[in-house]
Structures are given as C-alpha cells and as structure tokens.
Amino acid sequence: MAEFHKYVSAYLATFIMWGFLMAFLYNMVSKSIVPNGDKTLMWVSLTMFLSYLASDPLTSATFQIESMSYATAYIVWTALDLTCVATILLITKGKSNNSYPAKLYVVLGLLINSALFISMYIDINILENTEEWWLWGFYTITVNTMDAMMLIALFSNKDFLGLVRLYKGLTGQARLA
C-alpha cells in the first residue's frame, strides 16, 4: 500500500505542476490579446509553475536528482514556497488585492503549505515519528486543497471564497457586510 501511495503522490504532484503550467499559458494567451495589458497574473503563474517544476518528483526522477530525499523534501519545499512568496510579492508590489485577488490566495496558500511542510519535517525528522496520526492526514488534505485553491485563483482572479473581503475586514480597510 505504501508503494501505491508513493506513486499516487508523485502523479498528483505532477498533475498540480501541470495545472500551474496551464495557468501560466492561459494567462499568457489572455494577456497577449490586449496590447500593453497588465501581465501580472502571467508572471505570478510562471513563478508558481517554475517553483513546482523544481520540486516535482517525476522531474527529479527524470534528471536523477537525489536532493528530494524523504528527509530533505519538506525543507526544500518550504524554501521554494517562501522564495515563491517573496518573488510574488515583488511582482505584485503596488497591486491591490481588489484588482488581483489571486495574489492573496496564492500567498496565503503558499504560507499555509510552508507551515505544514515545517510541521511534517519536525514530526518526522526531529521527533522521529513514524506512525501516521491526524497531522499527516490533515497535511495531505490541506496541501492539496491549497494547491487547488491557488490554481482556481490563477485561472479566475476572483475572490471566490471571500478571502479578500475577510482580509479587508480584519485589517480595518472595509466593513464586513
């Protein structure tokens, strides 16, 4: 069963990476229709794709890269996600969450994923836990949900979960209706 789980995880990760490639291509084509249009979402999508490409297990296997061992994978994923957050914040500097809700969704998703990667690293490598428990299930569901949320945000650039409204309410920028 563990072998099956390993293959499903690898193919799911590759499918998510492919989704970010499609988001990049979609934004590239839709922004190229408008001359001198704002290409912010295209650059954010490209950043996400390249980050996920760098950590994709099938890409690592294809090029025989051993840096993605079980012990180091969580640290590598955390570093890539935090680098991605910094890059996205640079790309979207001066862009509002109202104009680009995808910015908030992607940054929030990456930060949640990073926190979970660190949690799993601590649990497995520092605490040396080898038995599955609720954190592992929570990690699996949440990371995949965040990836799906980020993909939807990059394709739609809509506040589909009301996170921008919630953010504005929490920061005192607007009243929650």
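It should be noted that the structure appears before, not after, this text.
Parameters and conventions
Residues numbered from 1 in each chain as written. Predicted model: local features only at pLDDT ≥ 70, side-chain atom pairs only at ≥ 80, totals over all residues. Heavy atoms only, no water. Core = buried A, V, L, I, M, F, W, Y, C linked by side-chain atoms within 4.5 Å. Buried < 20%, exposed > 50% of the residue type's maximum accessible area, 1.4 Å probe, protein only. Helix = DSSP H or I, 4+ residues; strand = E, 2+ residues; numbered from the N terminus. Contact = heavy atoms within 4.5 Å. Axes fitted to C-alpha atoms, helices over the stretch in contact; angles between N-to-C directions. Parallel < 35°, antiparallel > 145°, perpendicular 65-115°, else oblique. Nonpolar A, V, L, I, M, F, W, Y, C, P; charged D, E, K, R; others polar. Phe/Tyr/Trp six-rings, centres within 6.5 Å; stacked < 30°, edge-to-face > 60°. Salt bridge = Lys/Arg side-chain N within 4 Å of Asp/Glu carboxyl O. Polar contact = N/O pair within 3.5 Å; in protein donor to acceptor, adjacent residues only side chain to side chain.

Draft legend 1. A look at the nonpolar core. Counting residues in each nonpolar core, the largest one holds 30 residues, and the members touching the most others are Phe20, Met48, Tyr52, Ile88, Leu110 and Leu154. Of all the elements in the fold, those that place two or more residues in this core are α1 (2–32), α2 (40–55), α4 (70–91), α5 (101–126), α6 (134–156) and α7 (163–170). Among the elements that make up this core, the one with the highest residue count is α2 (7 residues). Ignoring anything within four residues of it in the chain, the contact list for Phe20 reads Ser45, Met48, Phe49, Tyr52, Asp147, Met150, Leu151 and Leu154.

Draft legend 2. Here's a closer look at the environment of Asp81. Of note, Asp81 is situated in helix α4. For the pair formed by Asp81 and Val107, sequence separation is 26 residues and the distance between their alpha carbons is 9.1 Å. Beyond its immediate chain neighbours, meaning those up to four positions away, Asp81 contacts Ser51, Leu110, Asn113, Ser114 and Phe117.

Draft legend 3. Spatial organisation of the packing of α5 against α7. Here α5 crosses α7 at 85 degrees, and the two axes come no closer than 9 Å. Regarding the angle of α5 to α7, the classification is roughly perpendicular. Two secondary-structure elements touch here, α5 through Pro101, Leu104, Tyr105 and Leu108 and α7 through Leu163, Val164 and Tyr167. When the residues that make up the contact of α5 with α7 are grouped by side-chain class, the tally is 7 nonpolar, no polar and no charged.

Draft legend 4. Layout of the packing of aromatic side chains. Here the structure, examined in full by the defined rule, presents 10 aromatic pairs. Seen from their ring centres, Phe15 and Trp18 are 5.7 Å apart, and the 25 degrees between their planes marks the pair as stacked. Placement of the pair is Phe15 and Trp18 together in helix α1, with a separation of 3 residues, close to one helical turn. Here the aromatic residues Tyr74, Trp77, Phe117 and Tyr139 are joined through ring pairs into a cluster of three or more.

Draft legend 5. Highlighting the pattern of salt bridges. All told, the structure shown has 1 salt bridge when counted by the stated rule. The partner of Lys95 in a salt bridge is Asp38, with the nearest N and O atoms 3.1 Å apart. Taken together, the positions of Lys95 in the loop between α4 and α5 and Asp38 in the loop between α1 and α2 put the pair 57 residues apart, joining distant regions of the chain. When its relative accessible area of 33% is taken as the criterion, Asp38 is described as partly exposed.

Draft legend 6. Structural context of the side chain of Asp147. Tracing the chain through its elements places Asp147 in helix α6. Residue classification places Asp147 among the buried positions, given a relative accessible area of 6%. Reaching out from Asp147, the side chain makes a polar contact with the side chain of Asn113 at a distance of 3.2 Å. Not counting residues up to four positions away in its chain, the partners in contact with Asp147 are Ile16, Phe20, Tyr52 and Asn113.

As far as function goes, none of this settles anything; it's purely spatial.
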